[in-house]
Amino acid sequence: MTERIADRKMRFGGILENPYISQWQRDLLDGGRVEGLCRALSPYPYESLLDVGCGLGEGAILQRGLYAGIDNSAPRVSFASGKYREAAFVIADALRLPFGEKTFDMVMMVDASHHLLDEQIAPAVREMVRVGRKHIVLSDPVIVPGQSRLSAFFYSLDRGACFRTVEQMKSLLGAIPAVKLKDIREFRTTPGLYVHAAFILEII
């Protein structure tokens with residue numbers, strides 16, 4: 001059961017909107033998340049990549065050619081633009097992507113789908129499909145059987161309220177006619193508090 005408010009950016013007084021604090025928190029509690037995704041995507045060819053909900057811009061390390069990131073947080077887009085100067089970052093809404101049809105080989109949403117309510121997943125994916133050519137990727141921490149109390153506690157502190165199980169994500173994605181679920185790659189980050197699942201969808 002998900003909360004009706006999925007995106008809680010100003011939680012804790014908005015302290016995690018500070019990119020430097022957010023970066024420290026991620027490195028300490030969820031280390032290696034982008035590297036895990038890089039391994040998950042290694043079998044899939046692409047030359048152009050759109051990162052929806054790019055946050056601090058770490059997804060730029062997945063660049064194999066053209067990379068663009070969008071986020072609705074101005075401080076994060078500013079931070080990403082300064083750190084990853086070879087990439088392009090834009091302030092934008094995931095449900096209204098500022099790109100033309102079939103612009104990118106791959107479109108990904110990393111660690112952001114838990115900021116969306118169940119009913120927002122399909123519209124977001126359809127908009128990603130609109131600008132994508134080959135694959136859509138949703139990668140996010142997931143709730144797993146036997147999750148420790150400490151892990152569950154840190155999930156509960158997140159600014160996104162809608163963490164899901166793999167089966168819940170499969171059900172939501174399976175109801176979207178524009179895509180077919182091709183693969184699910186799970187990986188754990190350091191120090192072991194978060195389990196991520198990358199859902200790789202083929203555009204049909």
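In case you missed it, the structure is sitting above this.
Residues numbered from 1 in each chain as written. Predicted model: local features only at pLDDT ≥ 70, side-chain atom pairs only at ≥ 80, totals over all residues. Heavy atoms only, no water.

A. Spatial organisation of the overall build of the chain. From N to C terminus, the chain includes six helices and eight strands. Counting from the amino terminus, helix and strand elements in the chain follow one another as α-α-β-β-α-β-β-α-β-α-β-α-β-β. Seen through its C-alpha atoms, the chain measures out along the principal axes to roughly 40 × 40 × 30 Å. Here the chain holds 204 residues, and 54% of them are scored as buried. (Helix = DSSP H or I, 4+ residues; strand = E, 2+ residues; numbered from the N terminus. Buried < 20%, exposed > 50% of the residue type's maximum accessible area, 1.4 Å probe, protein only.)

B. View of the side chain of Glu-17. Mapped onto the elements, Glu-17 comes out in the segment before helix 1 (19–29). Judged by its relative accessible area of 12%, Glu-17 falls in the buried class. The residues touching Glu-17, leaving out its near neighbours within four places in the chain, are Lys-9, Met-10, Ser-73, Pro-75, Arg-76 and Arg-159. (Contact = heavy atoms within 4.5 Å.)

C. Examining the pattern of salt bridges more closely. Scanning the model with the defined rule gives 13 salt bridges in all. Note that Arg-26 is salt-bridged to Glu-58, the shortest N-O span being 3.0 Å. Remark: Glu-58 occurs in the loop between strand 1 (48–52) and strand 2 (66–71) and Arg-26 occurs in helix 1; sequence separation between them is 32 residues. On the accessibility criterion, Arg-26 (16% relative accessible area) is buried. Using a relative accessible area of 8% as the deciding quantity, one classes Glu-58 as buried. Residues Arg-33 and Asp-30 are paired through a salt bridge, measuring 3.8 Å at the closest nitrogen-oxygen approach. Each member of the pair Arg-33 and Asp-30 is classed as buried. The network of salt bridges with common partners includes Arg-26, Asp-30, Arg-33, Glu-58 and Asp-111. (Salt bridge = Lys/Arg side-chain N within 4 Å of Asp/Glu carboxyl O.)

D. Representation of the nonpolar core within the structure. Core analysis: the largest hydrophobic core is formed by 33 residues, its most contacted members being Leu-50, Val-52, Met-109, Val-125, Ile-136, Leu-138 and Leu-173. Residue assignment for this core shows that the elements contributing at least two residues are strand 1, strand 2, strand 4 (104–110), helix 4 (118–131), strand 5 (132–143), helix 6 (166–174) and strand 8 (195–203). Of the residues forming this core, the biggest block, six residues, is contributed by helix 4. Apart from the residues lying within four places of it in its own chain, the contact partners of Leu-50 are Ala-68, Ile-70, Leu-97, Phe-99, Phe-104, Met-106, Val-107, Met-108 and Val-131. In this structure, Leu-37, Val-110, Val-137 and Ala-198 belong to the second largest nonpolar core, which totals 23 residues. (Core = buried A, V, L, I, M, F, W, Y, C linked by side-chain atoms within 4.5 Å.)

E. Representation of the pairing of strand 4 in the model. A large share of strand 4 lies buried, amounting to seven of its seven residues. Inspection of the sheet shows strand 1 paired to strand 4 by four bridges, in the parallel sense. The partner of Leu-50 across the bridge, within strand 4, is Val-107. The pairing of strand 4 with strand 5 spans six bridges and is classified as parallel. Residue pairing in the sheet places Met-108 in a bridge with Val-137 of strand 5. In the classification by handedness, the crossover that spans strand 4, the intervening helix 4 and the parallel strand 5 is right-handed. (Pairing = 2+ DSSP bridges. Right-handed = clockwise from strand over helix to strand, strands pointing away.)

F. Looking closely at the packing of aromatic side chains. Enumeration over the complete set of coordinates arrives at six aromatic pairs. Ring centres of Tyr-20 and Phe-79 lie 5.2 Å apart, and the angle between their planes is 85 degrees; this geometry places the pair in the edge-to-face category. One end of the pair, Tyr-20, is in helix 1; the other, Phe-79, is in helix 3 (residues 74–83), and 59 residues separate them in sequence. Judged by centre distance (5.0 Å) and plane angle (15 degrees), the ring pair of Tyr-155 and Tyr-194 falls under stacked. Placement of the pair is Tyr-155 in helix 5 (residues 149–156) and Tyr-194 in the loop between strand 7 (179–188) and strand 8, with a sequence separation of 39 residues. Among the residues examined, Tyr-194 registers a relative accessible area of 4% and is labelled buried. Grouped by ring-pair contacts, the aromatic residues Tyr-155, Phe-163 and Tyr-194 constitute a single cluster. (Phe/Tyr/Trp six-rings, centres within 6.5 Å; stacked < 30°, edge-to-face > 60°.)

Nothing here speaks to function; it is all geometry.
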